[in-house]
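As a plain string of letters, each chain reads:
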Amino acid sequence: MPTAPTLAGHGKGVGGEAPGAVERLSRLREDEALTAAHVRTVATALDVCERTVWRWLAPPKTGAPAEPVERPRYELSDTDRAAFTFYQGNIAALARAGQAVTAGDGSTAGAPVPDFLADGWVKAKTVTERTLQRAFLAGPDPGAAGGVETGEAGRRAASVYLRRPDALRGRTWEMDHKQLPILVLLPKGKALAPRLTTGVDDGTARCSGGPSPSPRPPGPCSPRCT
């Protein structure tokens, strides 16, 4: 078995020998003759771990830190968006289907990938599930994604209002009318789920409206606003 190289003049635990040992190791590195065995010998002689010796050999950090490199963003294709709707917002299922097509299998979970998706992915590169998640998170608005997953209720729950350009006061209004998911016990009669009609002025973001205890939705010209 070959023996480890030695660096003369080093006694165990002698802290003052460290600078000289590091200098000799640096010279070996400049001559492209440095090996892990040299580092191990110095670490043993100085009673330190090898990682410490490697840290001593690391060049000092100078100047400003390097600018982070921006990762190129994956652009969703029309097939990706169609698959998002087909799989009802399930990105994991979408990723499995796309990977199956690009790998040449063409089936996932025992079922073939639909032709209209397979034709769009046949020449595409393989995309990971995490990449697709980031792309869809930055892509369609939350309301559209919620509508794909759970229908109109999901779209309404995830929609963000007042997305239109700023307007003069009273020029543009956003109206909404829905049944609230609560029951109100009236002094007489059955419990009712009230409906709420609201109007928001895009120019001032002020809201006006009020609940309607009527068991029937009011007509289009009879919102009970206050």
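Rules behind the numbers
Along every chain, residues carry numbers that run from 1 in the direction the sequence is written. A pLDDT threshold of at least 70 governs which residues receive local features in this predicted model, and a stricter bar of 80 or more applies before side-chain atom pairs are shown or counted, although totals over entire chains, interfaces and linings include all residues. To obtain the side-chain values, all non-hydrogen atoms of the structure were used and water was disregarded. Numbering of helices and strands starts at the N terminus; helices are DSSP runs of H or I of at least 4 residues and strands are runs of E of at least 2. Take the buried residues of types Ala, Val, Leu, Ile, Met, Phe, Trp, Tyr and Cys, join any two whose side-chain atoms come within 4.5 Å, and each joined set is a nonpolar core. Think of it in three bands: residues with accessible area under 20% of the maximum for their type are buried, residues over 50% are exposed, and the middle band is partly exposed, with areas taken using a 1.4 Å probe on protein chains only. A pair of aromatic rings is counted whenever rings of Phe, Tyr or Trp (Trp by its six-membered ring) have centres within 6.5 Å, and the orientation is called stacked for planes under 30 degrees apart, edge-to-face for over 60 and tilted otherwise. Helix span, as expected, comes to 1.5 Å for every residue beyond the first. Should any heavy atoms of two residues lie within 4.5 Å, those residues are considered in contact. Within 3.5 Å is the distance limit for a polar contact, defined as a pair of N or O atoms, with the added protein rule that one can donate a hydrogen and the other accept it, and that residues adjacent in sequence qualify only through two side-chain atoms. When a carboxyl oxygen of Asp or Glu is within 4 Å of a side-chain nitrogen of Lys or Arg, the pair counts as a salt bridge.

Some points on the environment of Ala109
Inspection of the secondary structure assignment puts Ala109 in the loop between strand 1 (107-108) and strand 2 (111-112). Residues Ala109 and Ala97, 12 residues apart in the sequence, show an inter-C-alpha distance of 8.9 Å.

Concerning the nonpolar core
Counting residues in hydrophobic clusters, the biggest one holds 18 residues, and the most contacted among them are Tyr87, Leu94, Val113, Trp121, Leu132 and Phe136. In terms of residues, this core owes the most to one element, helix 5 (residues 91-102), which gives 6 residues. Judged by nonpolar contacts, the second largest core, of 11 residues, contains Ala18, Leu34, Val42 and Leu57.

Here we look at the packing of aromatic side chains
Counted under the stated rule, the structure contains 3 aromatic pairs. Between Phe84 and Phe136, the aromatic rings sit 4.5 Å apart at their centres with planes inclined by 20°, giving stacked as the arrangement. Within this pair, whereas Phe84 is found in helix 4 (residues 78-86), its partner Phe136 is found in helix 7 (residues 129-138), the two being separated by 52 residues in sequence. The structure contains a cluster of three or more aromatic residues connected by ring pairs, namely Phe86, Tyr87 and Phe116.

Some thoughts on helix 5
Relative to the 16 Å expected for 12 residues at 1.5 Å per residue, helix 5 spans 16 Å between its end C-alpha atoms, a close match to the ideal helical length. When you tally the buried positions in helix 5, you get 9 out of 12 residues, the bulk of the element. For helix 5, the full list of buried residues reads Ile91, Ala92, Ala93, Leu94, Ala95, Ala97, Gly98, Ala100 and Val101. Where the residues of helix 5 are buried, they touch helix 4, strand 1, helix 6 (115-121) and helix 7. For helix 5, the N-terminal capping position is held by Asn90, with its side-chain oxygen 3.2 Å away from the main-chain nitrogen of Ala92. Backbone geometry just downstream of helix 5 places Gly104 in the positive-phi region, at approximately 90°.

Thoughts on the pattern of salt bridges
One pass over the full model with this rule turns up 3 salt bridges. As a salt-bridge pair, Arg27 and Glu23 come within 2.7 Å of each other at their nearest N and O atoms. Remark: Glu23 and Arg27 occur in helix 1 (residues 18-30); sequence separation between them is 4 residues, near one turn of the helix. Here Glu23 falls in the partly exposed class, since its relative accessible area comes to 42%. Note that Glu50 and Arg40 form a salt bridge whose closest N and O atoms lie 3.5 Å from each other. Of this pair, Glu50 sits in helix 3 (residues 50-57) while Arg40 is found in helix 2 (residues 36-46), placing the two residues 10 residues apart along the sequence. Residue classification places Glu50 among the partly exposed residues on the basis of a relative accessible area of 33%.

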